[in-house]
Structure formats: C-alpha cells, structure tokens
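Inside the fold
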Amino acid sequence: MGFSLSICITDFFTYETSKSVVVKSWSVGIINRIVQLLIITYFVGWVFIHEKAYQVTDTGIESSVMTKVKGFGYHHGKVVDVADYVFPQQGADVFCIMTRLIITENQFQGKCAESVPMFSCNTDEDCHKHFGAILSNGVITGVCLKSPDESEGQCEIEGWCPVENDSVKITPMFDVNNFTIFIKNSIRFPLFDVTRGNFPSTMTSDEIKKCTFHPETNPFCPIFRVRDVLQHTGQDLAALAYKGGEIGINIEWKCNLDLDIEYCVPKYSFTRLDAPFAKNAVSKGFNFRFAKYFKTENGTDFRTLYKAYAIRFDIMVTGNAGKFDTIPTLINLVAAFTSIGLGTVLCDIILLNFLKGAEQYKAKKFEEVSEAQIEASLARSPGSQLSLKSGIKNSYDSGAISLATPDQPL
C-alpha cells in the first residue's frame, strides 16, 4: 500500500514536455518568421499603440451643457431678439433657432371651413368619410360648406377658427447667419474622478467676447457663428431657412490620462442629422407650433397661433478616458505571446500537406505507441535506443530531433 502511494506521488510531481522536431527548410522558416513578425507588428502597432490596450478605460462620461444664443434680426418687418426666436429659452443642450414664422391671429373657438385641400367636398357625404381624421385643423363635423356660386366646397371643422393657412409666402430671417452660439460644457470621468471644461480656465471674459471658433486657429473658443457651423456641415442657410433642419454639434473627449491633464481637451465636429430626409417629399425639414392666449373683455378666450420653421441644434457629448493598468497590460501581453504560436500552426499545415517530405515529417511528429511496443521497450536494457532512419539526427543536448526536408540538404 505504501509502495503504491509512493509511486502515485512520484508520478504526480513530474514534468512533461513536447517532442521538438527541427525542420531545416528555408521556405518554411521564412514563412514562420514572416507570420511572427506580422503578429508582433499587429500587437505593438494596433493593439498597444493605437488602441492603448495597456490602459483601463472609462466610457461612462458624465456631462452638463449650457447654451446661449445672441443676435438680432428682422422678421415680419419687426426686430426680433433671442426671446423671440430661440425655443426653448432655458439654454439646454437641444434648442431651435426660428428662421420662418407663419402667424394666424385672433383664433376663437367655433366652426369654420377647413383649408387643407384633401378635405374638399361636394356633398355632406364626402365629409362623412373624414370622421376621426387627425390631419385636419379641428374635428370634422360632417357638413360640407359650399357657396352657391362654387362647384366645390370644404368640410366644416369645429375648433380654433379661422384655421391656419401654411401655404402663404413668408420671407425667412436670413440674419440667422450672423447669430452666435455660446456652449459651456463640463464633463467628468467618474472612474478616475477627473473633471474638465470645454475652454481653458485661464481664458478671460474679454477673450471670450472677442473670439470665434475656428478648427485650426482657435479650436477652444466656445462661441460658434451659425454661418460657420452650417459651412462645416456642407450646408447653407438658404437651403435650411424655408423648411428648417437638424444640425448636430458633437463635443468629443478622448483623454489619455497617462499624459498631463492639460492635454485632455475637446474636439468639435458638425453634421446634419436629418440628412437622410433632406430630399424626401414628405417630412422634410423641421417645424413646430405654439400659441399665445388672450381674453376679451367679456372673458372669451382667443389666441394667436404660430407655426415656426427652425434649425434645431443638438449638442452631443461623447468620449472616454484611459490610464495605465497592470491587469489589461498582462492580459494583452499573454494574448500576444500566445498568438505568435499561430506561425507554428501555419507551418505545420504546410509541412503536413504541401511539402515533398510530408510523410517523413508526419512520422516524426506523430508517434503511435501500442501495448506491444511498450512491453518490448520495457524488455530492452535501459540504455538502449531505437535506431534512427537515414536523414534523422538525434540531438543529445536538447532532446530535439532534427529533420532535413528535401528542399534543404543536411
């Protein structure tokens, strides 16, 4: 019992190694080194230098955005300011600058004719099919309003009258080109407890008032001229003023915290978000409605309805921060060293399938041992060796077998 236990312990504390077959072949050796070089280049150039895989990364960026618009323009023969053309007025990260306004004044609750062409009629029955319609300016009553001298009339609606007529020609406010947008953005990377702002803390009030953003000469100025923003997106105000549109301003933070914190700065980019719909016949541009309500002396409610065509600006903040960490470094180093072994796999495939000496290589790489061979080897003296075939050398100092292939003589 003790002898068996001793054998089990001895067998457990042993070391096993793979048999090495040295193939002296220029072609296979070159392929092996090229594959290894490509793998090393990939890990060093792409994984470690470009992707910075030695860092731990924080992508959960926390952000706050405050905006202000400034400028004066003329619309409907009146001077308008920020309170007239910016919606909403809270200075959020999404806001609209109105370019064209259709005004319907003195609307009272009552019944009147619809103005939309699709609700034209000849008889009341023509209006009955529109019961429950949501594209009208009010609730369809089912009555066809038609003057005696007209061959065609319009369905009657109940709601705010007179109804809006959005087919009127209104000249847009092209002064929008000269308006400016001030963006104040603060971010935080919670994993590293790092906070940053989108313009230098050393920038004075006078510098901010005089500067205008330019991607090369003034990339950290927080004031953007609308004309410049539209030009960066490949658009101009004439294309957006009539129907409106959606513009995105992206603030990207990519911070390498292994460097000085002052190198953690924003990068701005601009795009037209509604570009897929710019050429559509329907749902083109951007518009919305709002109203201002009043009361007559006798307490009757009435309102002024506004349909605004506007350029909507979306301020988007993205980014990540990275810092050196031991764990991802070790994981990627292990992956790199493991991947170098792919060269051996490729060379084995070539040796086993495509070279003339494939059978010889296969015989030395894969050795089949049967029970009879084991019993025969036990019967031999401990110092005896199996004879080697011609062309095979036994290396006593390393335990490796050296094999010469047909394309490289020994």
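Since the structure is predicted, the reported quantities are computational estimates derived from the model, not experimental observations. (Residues numbered from 1 in each chain as written. Predicted model: local features only at pLDDT ≥ 70, side-chain atom pairs only at ≥ 80, totals over all residues. Heavy atoms only, no water.)

1. Digging into the packing of helix H8 (residues 326–340) against helix H9 (residues 342–353)
Test applied: Whenever a helix is involved, its axis is fitted only over the stretch in contact; in every case the axis is a line through C-alpha atoms, and angles between N-to-C directions fall within 0 to 180 degrees. What counts as a helix is a DSSP run of H or I of at least four residues, what counts as a strand is a run of E of at least two, and both are numbered from the N terminus. Should an angle fall under 35 degrees it is taken as roughly parallel, and over 145 as roughly antiparallel, whereas 65 to 115 is taken as roughly perpendicular and any remaining angle as oblique. Any two residues whose heavy atoms approach within 4.5 Å at even a single point are treated as in contact. Residue polarity is assigned by list, with Asp, Glu, Lys and Arg as charged and Ala, Val, Leu, Ile, Met, Phe, Trp, Tyr, Cys and Pro as nonpolar; anything else, Gly included, falls into the polar class.
At their nearest, the axes of H8 and H9 sit 4 Å apart, and the two run at 15 degrees to each other. Our classification of the angle between H8 and H9 gives roughly parallel. Contact with H8, carried on its side by Thr338, Ser339 and Ile340, involves Leu342, Gly343 and Thr344 of H9 and no other residues of that element. The residue makeup of the contact of H8 with H9, split by class, is two nonpolar, four polar and no charged.

2. What about the state of the cysteines?
Note the threshold: Throughout, a disulfide means two cysteine sulfur atoms within 2.5 Å of one another.
Overall, the coordinates contain five disulfides when judged by the stated rule. Note on cysteine connectivity: Cys127 is disulfide-linked to Cys155, with sulfurs 2.1 Å apart. Handedness here is read from the sign of the S-S torsion; for Cys127 and Cys155, about -100 degrees, the answer is left-handed. A residue pair is termed long-range when its members are at least 10 positions apart, and Cys127 in helix H4 (residues 124–128) and Cys155 in strand S10 (residues 153–161) qualify at 28 residues.

3. What about the pairing of strand S14 (residues 245–256)?
So the rule is basically this: We call two strands paired when DSSP finds no fewer than two bridges between them.
Where S14 and strand S17 (residues 301–324) come together, 12 bridges link them in parallel fashion. Along S17, the bridge assignment pairs Gly245 with Ile311. One ladder, built from seven bridges, connects S14 with strand S15 (residues 266–272); its direction is antiparallel. By the bridge assignment for S15, Ile247 is matched with Arg272.

Purely geometric numbers; function is a separate question.
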